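Here is what each chain is made of, one letter per residue.
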Amino acid sequence: MDDMRPVLRADTIPEAFLDRVRDAPDDAAMWRHDSNGRWEKLTWADYGRWVAEVLGGLVSLGIGPGENVGIMSNNRVEWHVADIATLCGGGVTVPVYQTSYPPQVQYVLGHGEARLCFVEDEEQLGKVLEVRDELPKLDHVVVFDPAFVPADHFTMTFADLRALGVERLAREPDLLETRAAMVTPATLATLVYTSGTTGPPKGTMITHGQVTWTLKSAPQRFDIVPHDRLLSFLPLSHIAERMMSDFLPIAYGGETWFARSLATVVEDLPACQPTVFFAVPRVWEKLHEKVAEKLAEESGLKARAIEAYFGATQGSFAWRALDRVVGAKIRRTLGLDRARVMITAAAPIHPDQIRWFHQIGLPVFELYGQTEDCGPTSTNFPGHNRIGTVGLPIPGVTVRIADDGEILVKGGNVCAGYWHDDRATAALIDADGFMHSGDLGAIDADGYLTITGRKKDLIITAAGKNVTPQEIETDIRNHPLVSQAVVVGDGRRYLTALVTLDGEVLAEWARDNGKLMDEEALTRDPDVIAEVQAAIDDANGNRSHAETVRKFSVLPHDLTVARGELTPTLKVKRNVVYDRYAELIEAMYAEETPQ
């Protein structure tokens, strides 16, 4: 480790935050779009003042240490301010996915015993008001962007809360410092509810000490430095985005840039020019598709140069010469020309995707972890990037493989258990302190971890063959036309798959092949079916007979979060998909068994 690399010395989030505000008050902390669409800077001094005012408002409303506060909003400055103000007051933040339906909002805020909830706008406020009678502990809702806020004691604007805080600070100017000093490493910081691919979500209890331990450990694998830029666009209700764009900049003095939405990431990247970029596989796939589409439009000398560039061995003289023109232009187009640290996590990614980014001079590192260990268990990193694995354990973490193949994790990042669920906590963390991840994996001779599947997703065929579907699904999704693939086969004679198409790629394909762009009709088009069959054939590859997909059906639309088929982090809710398309699944097994 470079001795000049910054070191986090704080043991709580408030301590780290106050250190940052004191040491770098004029440095940029966050960037957002103003009302005219221009980027607006907020310094650490601004950040500190906002946090003090919001904390003062919370105290004036009677929200004290150990009490829980919900946050339901898209990524924005106010999300971070609400979070840090709550934590500096010794409170516990309870993030709620902004895509949640009212019953889901009621479950998380109710189970999480929230006394106050921050919401983004009138739409999110409406969700809370719809279930208000079922939330007896919820006393207040604070709205960031109110178009209409009822004039009652229950609801107030973010500006009104800050105004309350200003009044409080006039009487107690040292309120922030006094309350922050009461927080210890053992103090509960947040309840992060799992996205619930099966069953109701569980509230993962994470302390200040576990967050700061992780922030001291994981960055040792990367060159994280002051003024690093991060683009925030994945849900802050997920621990990975929270660690990356909320807590990491506080620990090391980075700048958080807020994308306008997930849909604008491609446009916001060149403006931000992040030096640290974290994304899920689907985003990396979309970036790949964007570049491939642009490159396909070139002709003549440019097309030949591109072909030579991708045909050259990375690092060779020919590659370096072409990289100054071809590679540099691609990186600028993506907005990743300044990126030093690029991470993919939260779901499996096909190794070919990582190799493609390496070829254009963008080394992407696959990281593995879960909510229950603050995000990272293991990661690849510069000089140690074994594509196809999820790398080596982060410093201080021990990883073992149980007799049944389950990955066990022990370290200072492992959570304190599940909120109000002793039985689930006992099943999660054993007597030796190892967290049972629920994932299946293997460790090679050099210590690199490979994920092979999820225990709960394990398919046992009628012949008794154990099949982990994730690798098969990842291979099928590697075809540009395929958006999602869900393998079926538990208790069946053979494997089948439900496949969805990528709408943007499908539109391009239709144009290039002289087809009318009718997504539902194209899912039955013989030429599209042939493309999907090619993806299935490639995925079957060298797999055993029992592990090959023998039949498939293309769904008339993609899986979405809105329809409840995907989690907010774009993981497939397998049981929902199985139930929703049960008739289609049965039809694939009703016909004669394929040879």
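Residues numbered from 1 in each chain as written. Predicted model: local features only at pLDDT ≥ 70, side-chain atom pairs only at ≥ 80, totals over all residues. Heavy atoms only, no water.

## Some thoughts on the overall build of the protein
Point 1. From N to C terminus, the protein includes 21 helices and 25 strands.
Point 2. The C-alpha atoms of the protein give 25 Å as radius of gyration, which agrees with the globular expectation for 595 residues (25 Å, within 12%).
Point 3. With the principal axes as the frame, the protein shows a C-alpha extent of 80 × 55 × 50 Å.
Point 4. For the protein, buried positions account for 56% of its 595 residues.
Point 5. Pairs at least 24 apart in sequence give 66% of the contacts found in the protein among residues at least 6 apart. (Helix = DSSP H or I, 4+ residues; strand = E, 2+ residues; numbered from the N terminus. Rg over C-alpha atoms; globule rule 2.2 N^0.38 Å. Buried < 20%, exposed > 50% of the residue type's maximum accessible area, 1.4 Å probe, protein only. Contact = heavy atoms within 4.5 Å.)

## Considering the environment of alanine 485
Point 1. In this structure, alanine 485 sits in strand S23 (residues 482-488).
Point 2. The sequence separation of alanine 485 and leucine 135 amounts to 350 residues, and the corresponding C-alpha distance is 38 Å.

## Digging into the packing of helix H11 (residues 281-296) against helix H14 (residues 351-359)
Point 1. One way to put it is that H11 packs onto H14 with a least axis distance of 11 Å and a crossing angle of 55°. Judged on the interaxial angle alone, H14 and H11 are oblique. The way H11 lies across H14 gives a crossing that is left-handed. Note on element contacts: H14 touches H11 through Gln353, Trp356 and Phe357, opposite Trp284, Glu285, Leu287, His288 and Val291. (Axes fitted to C-alpha atoms, helices over the stretch in contact; angles between N-to-C directions. Parallel < 35°, antiparallel > 145°, perpendicular 65-115°, else oblique. Left-handed = near helix turned anticlockwise from the far one by under 90°.)

## Things to note about the nonpolar core
In globular proteins that are soluble, nonpolar side chains generally tend to be buried together.
Point 1. Membership of the largest hydrophobic core comes to 123 residues, with the highest contact counts inside it found for Phe17, Tyr47, Ile84, Phe118, Phe277 and Trp284.
Point 2. Beyond its immediate stretch of four places on either side in the chain, phenylalanine 277 contacts Phe233, Leu269, Val283, Trp284, Leu287, Leu336, Val341, Met342 and Ile343.
Point 3. In terms of nonpolar packing, the next biggest core, distinct from the first, is built from 25 residues, Ile472, Ile476, Ala510 and Val549 among them. (Core = buried A, V, L, I, M, F, W, Y, C linked by side-chain atoms within 4.5 Å.)

## Here's the deal with the packing of aromatic side chains
The geometry of an aromatic ring pair is captured by two quantities: the separation of the ring centres and the angle between the planes.
Point 1. If you walk through the whole model with that rule in mind, you get 18 aromatic pairs.
Point 2. Judged by centre distance (5.4 Å) and plane angle (25°), the ring pair of tryptophan 44 and tyrosine 47 falls under stacked. Taken as a pair, tryptophan 44 and tyrosine 47 lie in helix H2 (residues 44-60) at a separation of three residues, close to a single helical turn.
Point 3. The buried category is assigned to tryptophan 44, whose relative accessible area is 1%.
Point 4. Given a relative accessible area of 2%, tyrosine 47 falls into the buried group.
Point 5. Measuring from centroid to centroid gives 5.0 Å for tryptophan 356 and phenylalanine 357, while their planes differ by 90°, and the two rings are edge-to-face.
Point 6. Here tryptophan 356 falls in the buried class, since its relative accessible area comes to 14%.
Point 7. Judged by its relative accessible area of 1%, phenylalanine 357 falls in the buried class.
Point 8. Each residue in the set Phe233, Phe277, Trp284, Tyr309, Phe310, Trp319, Trp356 and Phe357 is aromatic and connected to the rest through ring pairs, giving one cluster. (Phe/Tyr/Trp six-rings, centres within 6.5 Å; stacked < 30°, edge-to-face > 60°.)

## Overview of the pattern of salt bridges
Pairing is possible between side chains of opposite charge, provided their charged atoms come close.
Point 1. Counted by the stated rule, this structure contains 44 salt bridges.
Point 2. Arginine 242 serves as the salt-bridge partner of aspartate 83, at 2.9 Å between the closest nitrogen and oxygen. Placement of aspartate 83 in helix H3 (residues 77-88) and of arginine 242 in helix H9 (residues 239-252) is noted, with a sequence separation of 159 residues between them.
Point 3. Residue aspartate 83 is classed as buried on the basis of its relative accessible area, which comes to 0%.
Point 4. On the accessibility criterion, arginine 242 (1% relative accessible area) is buried.
Point 5. Note that arginine 511 is salt-bridged to glutamate 508, the shortest N-O span being 2.5 Å. Highlighted residues: arginine 511 and glutamate 508, both in helix H17 (residues 503-512), separated by three residues, approximately one helical turn.
Point 6. Taking relative accessible area as the criterion, arginine 511 reaches 56% and is therefore assigned exposed.
Point 7. Look at glutamate 508 and you get partly exposed, because its relative accessible area is 24%.
Point 8. Bridged by salt links that share partners, the residues Arg32, Glu40, Arg76, Glu78, Glu120 and Asp145 form one connected network. (Salt bridge = Lys/Arg side-chain N within 4 Å of Asp/Glu carboxyl O.)

## As for the sheet that holds strand S19 (residues 435-443)
Point 1. Spatially, S17-S18-S19-S20 is the arrangement adopted by the four strands of the open sheet, whose pairing is antiparallel. The two strands at the open ends of the sheet, each matched to only one other strand, are strand S17 (398-401) and strand S20 (449-454). Recorded for the sheet is a direction-independent mean angle of 50° between the axes of neighbouring strands.
Point 2. Pairing of strand S18 (residues 406-410) with S19, which is carried by three bridges, proceeds in the antiparallel orientation. (Pairing = 2+ DSSP bridges.)

## Some words on the sheet that holds strand S25 (residues 549-554)
Point 1. What the three strands build is an open sheet, ordered S23-S24-S25; its pairing is mixed. In this open sheet, the two edge strands, each paired with only one partner strand, are S23 and S25. Neighbouring strand axes in the sheet, compared pairwise and without regard to direction, differ in orientation by 25° on average.
Point 2. Examined bridge by bridge, strand S24 (residues 495-501) and S25 share five bridges and lie parallel to one another. Among the inter-strand pairings, valine 499 is bridged to a residue of S25, identified as valine 554.
Point 3. Along the sheet face, helix H21 (residues 582-590) touches S23, S24 and S25 and points at about 135° away from the line of S24.

## Some details on helix H13 (residues 317-334)
Point 1. Its 18 residues place the ends of H13 24 Å apart at the C-alpha level, agreeing with the 26 Å of an ideal helix rising 1.5 Å per residue.
Point 2. For H13, the principal kink sits at aspartate 323 and spans about 60°.
Point 3. Of the positions making up H13, those classed as buried are Trp319, Asp323, Val326, Gly327, Ala328, Ile330, Arg331 and Leu334.
Point 4. Buried residues along H13 sit in contact with helix H10 (265-272), H11, helix H12 (300-311) and H14.
Point 5. Just downstream of H13, glycine 335 is the residue with a positive phi angle, here 85°. (Expected span 1.5 Å × (residues − 1). Bend = angle between axes of the 7 residues up to and from the residue.)

## Some points on empty space enclosed by the protein
Point 1. Going through the model one piece at a time under the given rule, you end up with three cavities of 30 Å³ or more.
Point 2. Reported here for the largest cavity is a volume of approximately 50 Å³.
Point 3. For the lining of the largest cavity, the elements supplying multiple residues, two or more each, are H2 and H3.
Point 4. Broken down by class, the residue content of the lining of the largest cavity amounts to five nonpolar, four polar and one charged. (1 Å grid on protein atoms, 1.4 Å probe; cavity = no way out; pocket = protein on both sides within 12 Å on 5 of 7 lines; lining within 4 Å. Points joined across faces, edges and corners; volume = space filled by probe spheres on them. Nonpolar A, V, L, I, M, F, W, Y, C, P; charged D, E, K, R; others polar.)

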